[in-house]
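# Architecture at a glance
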Amino acid sequence: MDVDSFRYLPPLIKRYYQLSSVRKDLPIPFTRVRKPLGECRFGLVTSGGLYRKGHEAPFDEEREAREPAWGDPSFRTLPVDMAPGEVGVSHLHINRRGALADMNVLLPIQRFQELVAERRVGALAPHAYSFMGYQGFPADLRGWRDVYGPAVRDRLLADGADCVLLTTA
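For the structure given in this document, a descriptive report is provided here. (Residues numbered from 1 in each chain as written. Predicted model: local features only at pLDDT ≥ 70, side-chain atom pairs only at ≥ 80, totals over all residues. Heavy atoms only, no water.)

## Brief notes about the packing of aromatic side chains
Evaluated as defined, the whole model comprises five aromatic pairs. A ring pair is formed by Phe-42 and Phe-112, whose centres lie 5.1 Å apart and whose planes are at 50 degrees; its orientation type is tilted. Residue Phe-42 is located in strand E1 (residues 41-46), and its partner Phe-112 is located in helix H4 (residues 109-117); the two are separated by 70 residues in the primary sequence. Take Phe-42 and Phe-112: they sit in the same class, and that class is buried. Ring geometry for Phe-75 versus Phe-131: centroids 6.0 Å apart, planes at 55 degrees, classification tilted. With Phe-75 in strand E3 (residues 75-79) and Phe-131 in strand E6 (residues 127-131), the pair connects residues that are 56 residues apart, well separated along the chain. The buried category is assigned to Phe-75, whose relative accessible area is 13%. By the ring-pair criterion, three or more aromatic residues cluster together here, those being Phe-75, Tyr-129, Phe-131, Trp-144 and Tyr-148. (Phe/Tyr/Trp six-rings, centres within 6.5 Å; stacked < 30°, edge-to-face > 60°. Helix = DSSP H or I, 4+ residues; strand = E, 2+ residues; numbered from the N terminus. Buried < 20%, exposed > 50% of the residue type's maximum accessible area, 1.4 Å probe, protein only.)

## Remarks on the nonpolar core
Among the nonpolar cores identified, the biggest contains 20 residues, and Phe-42, Leu-44, Leu-50, Leu-107, Ile-109 and Leu-124 are the most heavily contacted of them. Counting only elements with at least two residues in this core, the list comes to E1, strand E4 (87-89) and H4. Non-local contacts of Leu-50, meaning those with residues more than four positions away in its chain, are made with Phe-59, Arg-76, Leu-78, Val-87, Gly-88, Val-89, Ala-99, Leu-106, Leu-107 and Ser-130. Of all hydrophobic cores here, the second largest spans seven residues; its members include Val-45, Phe-75, Val-152 and Ala-161. (Core = buried A, V, L, I, M, F, W, Y, C linked by side-chain atoms within 4.5 Å. Contact = heavy atoms within 4.5 Å.)

## Overview of the pairing of E3
In terms of burial, E3 is largely enclosed, as five of its five residues are buried. Bridging between E3 and E6 involves five bridges; their strand directions are antiparallel. Bridge pairing links Arg-76 to Ser-130 in E6. (Pairing = 2+ DSSP bridges.)

## Some remarks on the pattern of salt bridges
Enumeration according to the criterion identifies nine salt bridges in this entry. With its nearest N and O atoms 2.6 Å apart, the salt bridge here joins Arg-142 to Asp-140. The class for Asp-140 is partly exposed, based on a relative accessible area of 37%. For Arg-153, the salt bridge identified is with Asp-154, shortest N-O distance 3.0 Å. For Asp-154, a relative accessible area of 41% puts it in the partly exposed group. (Salt bridge = Lys/Arg side-chain N within 4 Å of Asp/Glu carboxyl O.)

## Concerning the side chain of Asp-72
In this structure, Asp-72 sits in the loop between helix H2 (61-66) and E3. With a relative accessible area of 7%, Asp-72 lands in the buried category. For Asp-72, the side chain forms a polar contact with the main-chain nitrogen of Asp-60, separated by 2.9 Å. Every residue in contact with Asp-72, bar those within four places of it in the chain, is listed here: Phe-59, Asp-60, Met-132, Tyr-134 and Gln-135. (Polar contact = N/O pair within 3.5 Å; in protein donor to acceptor, adjacent residues only side chain to side chain.)

## Thoughts on the pairing of E1
Burial runs high along E1: five of the six residues are buried. Here E1 pairs with strand E7 (residues 163-167) via five bridges, running parallel. When the bridges of E7 are listed, Gly-43 appears paired with Val-164. Taken together, the two bridges between E1 and E6 define a ladder with parallel strand orientation. Residue Thr-46 lies in a different strand from E6, and its bridge partner there is Ser-130.

## Quick notes on the environment of Gly-88
With respect to the secondary-structure elements, Gly-88 resides in strand E4. Residue Gly-88 is classed as buried on the basis of its relative accessible area of 3%. The spacing of Gly-88 and Met-103 is 15 residues in sequence and 9.0 Å in space, taken between C-alpha atoms.

Now the structure itself:
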């Protein structure tokens, strides 16, 4: 399946990104799971720009619209027992309709709750986390690498997560 990451951007900005080259950081880190999935507690993380309406502010779309080469590096905390209607999406680079119709498209909380009930996975960490995947162009990953990524890692470890499923928008 082809993915057009720039589909929802203005044509001029889309063309600028398509003509620019970006250095990829390789290799991508990988860690093997150390125990059976039925014994693992999963943490969920998405880059879909989700937030909990009325509890945390949305991601800073206004600044991103003013400064198209900037992306909000912060994260939002989403309790896994929240109602689907509490989920908002603030991300200028994706079509929000699918995620608003069913948050499991970007953050499969309910699907994982089903897997726990079926004993296919051990448990679900009490909090999920959301980033806004777009980090400018070229991407400035320092906020993720140095501040927000380690903070989410520490929270997931404190919640007892053995594994993390990362969904990207």
